[in-house]
Amino acid sequence: MSKKFYITTPIYYVNARPHIGHAYTTIACDTIARRQRLLGADTFFLTGTDEHGQKIERAAAAAGKTPQQYADEISSEFRQLWKRMKISNDDFIRTTEERHIKRTQELFRRIRDNGFIYKGTYTGQYCVSDELYVDGAQPGDPCPTCGRITETVHEENYFFKLSAFQDKLLELYANPDFIRPETRRNEVASFVQSGLRDLSITRSTFSWGIPVPDDPKQVIYVWFDALANYLTAIGYGSSHSGAQEAFRKYWPADVQMIGKEIVRFHCVYWPAFLMAAGLPLPNAIVAHGWLLFEESKMSKSRGNIVRTETILDVLGADALRYFLLREVVFGQDGSFSFDALVQRYNSDLANGLGNLASRTLTMINRYFNGEVPYSSHSGKPADDAIAQAAHRTIREFRTLFDQFQFSRALEYAWTLVAAVDKYIVENEPWALGEKKDEDSRSRLATVLYTAAEALRIATALAHPVMPEATANIWEQLGLGDIQKLALGELAWGQLPQGTKLGQIQPVFPRADKSAVERMQTMEDQQRVAPAADVVAAPAQTPAVAPTPGPATSEKISIDDFAKVELRVGLVKVAERVPKSDKLLRLEIDIGSEVRQVLAGIAEAYAPETLVGRKVVIVANLAPRKLRGMESNGMIVAASLDGGKPVLAGFLEDVPVGARLK
Ligand code: MSP
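Structural notes, computed from the coordinates. (Residues numbered from 1 in each chain as written. Predicted model: local features only at pLDDT ≥ 70, side-chain atom pairs only at ≥ 80, totals over all residues. Heavy atoms only, no water.)

**A short note on the sheet that holds strand β6 (residues 132-134)**
Read across the open sheet, the four strands follow the order β6-β5-β7-β9; overall the sheet is antiparallel. Of all strands in the sheet, those bounded by a partner on one side alone are β6 and β9 (199-200). Of the strand pairs in this sheet, strand β5 (residues 117-127) and β6 are connected by three bridges, and their pairing is antiparallel. In the strand pairing of β6, tyrosine 126 is matched with tyrosine 133. (Pairing = 2+ DSSP bridges. Helix = DSSP H or I, 4+ residues; strand = E, 2+ residues; numbered from the N terminus.)

**Concerning the site of the ligand**
Near the ligand lie 24 residues; those nearest to it are Ile11, Asp50, Gly259, Leu291 and Met298. A distance of 2.7 Å is found between a nitrogen atom of the ligand and a side-chain nitrogen or oxygen belonging to aspartate 50. In this structure, a nitrogen atom belonging to the ligand sits 2.7 Å away from a main-chain N or O atom of leucine 291. For the ligand, whose accessible area on its own is 660 Å², the fraction buried by protein is 95%. Of all elements in the fold, only β2 (12-13), α1 (20-38), α7 (222-227) and β13 (255-259) reach the threshold of two or more residues within the shell around the ligand. Its residues assigned to classes, the shell around the ligand shows 13 nonpolar, eight polar and three charged. (Near = heavy atom within 4 Å. Polar contact = N/O pair within 3.5 Å; in protein donor to acceptor, adjacent residues only side chain to side chain. Areas by Shrake-Rupley, 256 points an atom, 1.4 Å probe, with all protein chains shown as cover. Nonpolar A, V, L, I, M, F, W, Y, C, P; charged D, E, K, R; others polar.)

**Let's talk about the packing of helix α14 (residues 381-402) against helix α15 (residues 406-427)**
In the contact formed by α14 and α15, the axes pass within 8 Å of each other and the chain directions differ by 170°. Considering the angle they form, α14 stands roughly antiparallel to α15. Residues Ala382, Asp383, Ile386, Ala389, Ala390, Arg392, Thr393, Glu396, Phe397, Leu400 and Phe401 of α14 lie in contact with α15, whose contacting residues are Phe406, Arg408, Ala409, Leu410, Tyr412, Ala413, Leu416, Ala419, Val420 and Tyr423. Of the residues contributing to the contact of α14 with α15, the split by class is 16 nonpolar, one polar and four charged. (Axes fitted to C-alpha atoms, helices over the stretch in contact; angles between N-to-C directions. Parallel < 35°, antiparallel > 145°, perpendicular 65-115°, else oblique. Contact = heavy atoms within 4.5 Å.)

**Describing helix α3 (residues 67-84)**
For an α-helix, the turn length of 3.6 residues means that residues three or four places apart are oriented alike. In a regular helix each residue adds 1.5 Å, so 18 residues correspond to 26 Å; α3 covers 26 Å between its end C-alpha atoms and thus fits that length. Every buried residue belonging to α3 is among Pro67, Tyr70, Ala71, Ile74, Ser75, Phe78, Leu81 and Trp82, and all of these are buried. All buried residues of α3 lie within an arc of 120° about the axis, which places them on one face of the element. Of the exposed residues in α3, the ones pointing more than 90 degrees away from its buried face are Gln80 and Lys83. (Expected span 1.5 Å × (residues − 1). Buried < 20%, exposed > 50% of the residue type's maximum accessible area, 1.4 Å probe, protein only. Arc of directions from axis to C-beta.)

Here's what the structure looks like:
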């Protein structure tokens, strides 16, 4: 019986369109899943979308949609994108699916029956953006994770006895394989060592969630609901025998991949829920770092996302997959730039693997009529060196890959590509091809066989990372379907003599300089107006929209106007910015969240007169830094002669977050 392998990505929130930060987690998992399949493991790879909770409910309201409509749209974008990226997930779970709802209730019931859930009252701070209870915070305090202002929650809830699991969790962390890398393990262990408080696992003040069994006025806390997906998708809690069997087969998960900001949920709450339910624990939780763009974490709220589609349109899925795994040291943060992407694409793919394939195969076509020639195994040191290098590469690649060191594994494989390139240059097969004597011909056969065999090995190793291009090279090598490759048995010398090459075609056409520009322009044009806490004021006139000049201004269309997202905001906090006469720092509730905005109105308004006032905010400007602080939006004011701003307001009462159209 083959070994099973169950791997999961986190499920993605549907409040934001997918970007390459999300793609990064998914690509890493897909690569592992594909490799496991080629190694013969019965693999199940799960991803999906996280669709409940207050954050989604508010985002949907702000977009004028029902939460379900909103979730349907964005969840489908994720699915379509994963298809284009050649993600080979075996299932895609949505937390609004009936199967998930029923089975999550079953998990809740089981934990309650086991005595780990009780009713109590929660009073404290909550961060809606992270859907996180912030222990020890006071009203007005920011969330330690995202910096947004927390909201005060006072509710009667069900609590999970997290405190009962402190010792068991610490015992669990003693296993060095459970949380990787080690830095994350240490962080989690010290968090748990400092003491655990019971966790509120239901909410009663909104309804977009899974009803608590036998108490439908409460909904299950979105993180309990979301984490349960890893069980429900493979059949936990189902009464169908097929589903039960799948669950028995695949659980516990072998690898659960996550980003570093959700370590606490996966390494503290998740194993505690499982222990409380009496279920086995996953074998490994593996945390990666963040993809940064313009020096900060790529995220919708910062307005610095790069859309995956742009890269797919210009360079294709394989280029993105390779770049992210090669460029970012797994576990650490890594910067993304279009320049680096194109540079890496050209050096490693167009000039590297692609060039090796085309020159080797073209010469076999020309000199040997498209049939892999016989290698005389001359035992020449240069030939042996390549065979040895290939042998080492297979071994090292496996070790590094199994340790999630994708970047080093690929680097290693590309040293083989470089070595073969050098070997070809030094052995000048084109010169040998001009000679007709037997020795030259036999030498030519050996050189081209050696090059083709090394190409085959590099292609096989790179397949899980770049499924499309490598499948193509495989066919050009005349080897048929690469999915049939038994990766575990890969070794030097398996390329059969006489193999008839397939149709030769370029796999990675060189990208010219305009590729960077094209991608940048596509991003600028397509940049989706960030629905949330983006953007700042222009540097000179901070955060007050300038009044356009009277009749001289150019006419704009209604569509142009529609691009400006004007919303009603409520000033929660206002204070002077130290060492500035003009600037006030405001925290403004815009319905979906609380924004920090820096406004140049200090000469016209005393901060205390603004708290509780409703203002109009331009919600979709790109964020800017002023005096080292981020300003996420601009408030609208009339500008009188002499420059004194007068804030726009309303005579009737208007709800916070309402859009002006
Ligand atoms: N819904 C939760 C996860 C629930 S799992 C039971 C969530 N969703 S998320 O959409 O915000 O993030 C999903 C994954 O995408 C996380 O692993 C996160 O780290 C990853 N990334 C989102 N932005 C990222 C970057 N800029 N860089 C790298 N990964 C990023 O959290």
